[in-house]
Amino acid sequence: MTAFSQLGATIAERVLHIRQSLPPSVRLIAISKQMPASAIREAYAAGVRDFGESRVQEAEEKRSQLQDLPDITWHLIGHLQANKVQKALEIFQWIHSVDSLKLAERLNRLAAPLPQKPSICLQVKLLPDPNKYGWEVADLLTDLPHLDTFEHLEIVGLMTILPLGLSDTEIFNTFDQTHTLANKIAQENWQRIRMNELSMGMSNDYSMAVQAGATMIRLGRILFGDRPI
Ligand SMILES: *Cc1c(COP(=O)(O)O)cnc(C)c1O
């Protein structure tokens, strides 16, 4: 029996099982990329209201199939291309994957007329990883004063994705360093930037992320099963 099946046979059982193991303050974001709207309905029925998608168009299609569930909060977790920013702002209340000053600038400009500011996490790479988007720490620190001027964004924290192949100790330490970085940033005197949220932890590493202070975990396979590709 795999660890996955021990968590329960249905999406609802897995949701409840994981929920029970988490501190109540941790927000569980169900990553429904490549999963059908019916899977979202099952997780919704088990109480999940936060769903994450990595592609704007896929999220748009699912959202239109789920109009009867208006209290879903949609989170974008994948790299956002400049030409999709407008559409992304229409769909997602949260964007975890803001990975450059240029993207933040565009989001700020296009968010200006919106009734509600989008909640933004700054995606940071604590370890070098050529396959991932995100700021290196030194570059993020350089860009913070400019990011702090974006009045149409709610910058609320950091997001990180770890490179593959780390040991458990390295995983914990890297999450812990992300937490330390957020604390360091929070201590500076920003006008707008806040550092209340740490979006970190996926199916394989979420328990270490929670130990290291994650406030939002992003779980896909452990809830929905393996993705088609
Ligand atoms: C796919 C994805 C997840 C979920 O990963 P699982 O291993 O399926 O839990 C979380 N965060 C990001 C940024 C992802 O792209």
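Residues numbered from 1 in each chain as written. Predicted model: local features only at pLDDT ≥ 70, side-chain atom pairs only at ≥ 80, totals over all residues. Heavy atoms only, no water.

1. Considering the site of the ligand
Defined as follows: Residues are labelled near a given molecule or strand when at least one of their non-hydrogen atoms is within 4 Å of it. As used in this structure description, the phrase polar contact means that two N or O atoms lie within 3.5 Å; if the pair is within protein, one of them must be able to donate a hydrogen and the other to accept it, and residues adjacent in sequence are counted only when both atoms belong to side chains. For the accessible areas, the method is Shrake-Rupley and the probe is 1.4 Å, while residue cover comes only from the protein chains on display. In this classification, the charged set is Asp, Glu, Lys and Arg, the nonpolar set is Ala, Val, Leu, Ile, Met, Phe, Trp, Tyr, Cys and Pro, and all remaining amino acids, among them Gly, are polar.
The environment of the ligand is formed by Ile 31, Lys 33, Ile 77, Ile 161, Met 202, Ser 203, Arg 218, Leu 219, Gly 220, Arg 221 and Arg 227. Between an oxygen atom of the ligand and a side-chain N or O atom of Arg 221, the distance comes to 2.7 Å. Within the side chain of Arg 227, an N or O atom sits 2.7 Å from an oxygen atom of the ligand. Look at the ligand: alone it shows 390 Å² of surface, and the protein chains cover 93% of it. Of the residues in the shell around the ligand, the class split is five nonpolar, two polar and four charged.

2. What about the environment of Ala 112?
Put simply, the test is: Going along the chain from the N terminus, every DSSP run of H or I of four or more residues is numbered as a helix, and every run of E of two or more is numbered as a strand.
If you trace the backbone, Ala 112 turns up in the loop between helix H6 (101-111) and strand E5 (119-125). The spacing of Ala 112 and His 152 is 40 residues in sequence and 5.4 Å in space, taken between C-alpha atoms.

3. Focus on the packing of aromatic side chains
What counts, and what does not: Each aromatic pair joins two rings of Phe, Tyr and Trp (for Trp, the six-membered one) with centres within 6.5 Å, and gets the label stacked for planes under 30 degrees apart, edge-to-face for over 60, and tilted for any other angle. The buried label goes to any residue with under 20% of its type's maximum accessible area, the exposed label to any with over 50%, and the partly exposed label to all in between, with areas taken from a 1.4 Å probe on protein chains only. Each ring is checked for a lysine NZ or an arginine CZ that lies within 6 Å of its centre and within 35 degrees of its normal; such an atom marks a charge sitting over the ring.
All chains considered together, the criterion is met by one aromatic pair. Here Phe 51 and Trp 74 contribute two aromatic rings whose centre-to-centre distance is 6.2 Å and whose plane-to-plane angle is 45°, an arrangement assigned as tilted. Of this pair, Phe 51 sits in strand E2 (residues 50-53) while Trp 74 is found in strand E3 (residues 73-76), placing the two residues 23 residues apart along the sequence. An identical accessibility class is assigned to Phe 51 and Trp 74; each is buried. Looking at Arg 49, its charged tip hangs above the ring of Tyr 44, at a distance of 3.5 Å from the centre.

4. What about the UniProt feature "domain: Alanine racemase N-terminal" (unreviewed entry) in the protein?
What counts here: UniProt positions are given in the numbering used here, feature names are shortened, and annotations may be inferred rather than shown by experiment.
Using the residue numbers shown here, the UniProt feature "domain: Alanine racemase N-terminal" (unreviewed entry) corresponds to residues 10-228. Between the C-alpha atoms that bound residues 10-228 the distance is 18 Å, and the span itself is 41% helix and 18% strand.

5. Looking at the nonpolar core
What counts here: For our purposes a nonpolar core is just a set of buried Ala, Val, Leu, Ile, Met, Phe, Trp, Tyr and Cys residues, chained together by side-chain atoms within 4.5 Å.
Counting residues in each nonpolar core, the largest one holds 71 residues, and the members touching the most others are Phe 51, Leu 107, Leu 122, Leu 147 and Leu 158. Of all hydrophobic cores here, the second largest spans eight residues; its members include Ile 31, Cys 121, Met 159 and Met 216.

6. Section: the packing of H6 against helix H7 (residues 137-147)
So the rule is basically this: Every axis corresponds to a line fitted to the C-alpha atoms, with the helix fit spanning only the stretch in contact, and the corresponding angles, defined between N-to-C directions, vary from 0 to 180 degrees. By definition in this entry, angles of less than 35 degrees are roughly parallel, angles greater than 145 are roughly antiparallel, angles of 65 to 115 are roughly perpendicular, and the rest are oblique. Note on convention: near helix rotated counterclockwise from far helix by under a right angle means a left-handed crossing. Clockwise means right-handed. Any two residues whose heavy atoms approach within 4.5 Å are treated as being in contact.
It is at 11 Å that the axes of H6 and H7 come closest, and there the two elements cross at 15°. Between H6 and H7, the crossing angle belongs to the class labelled roughly parallel. Once H6 is placed against H7, the crossing between them reads as right-handed. Listed contacts from H7 to Leu 101, Ala 104 and Glu 105 of H6 are Asp 143, His 146 and Leu 147. Of the residues belonging to the contact of H6 with H7, the class tally is three nonpolar, one polar and two charged.

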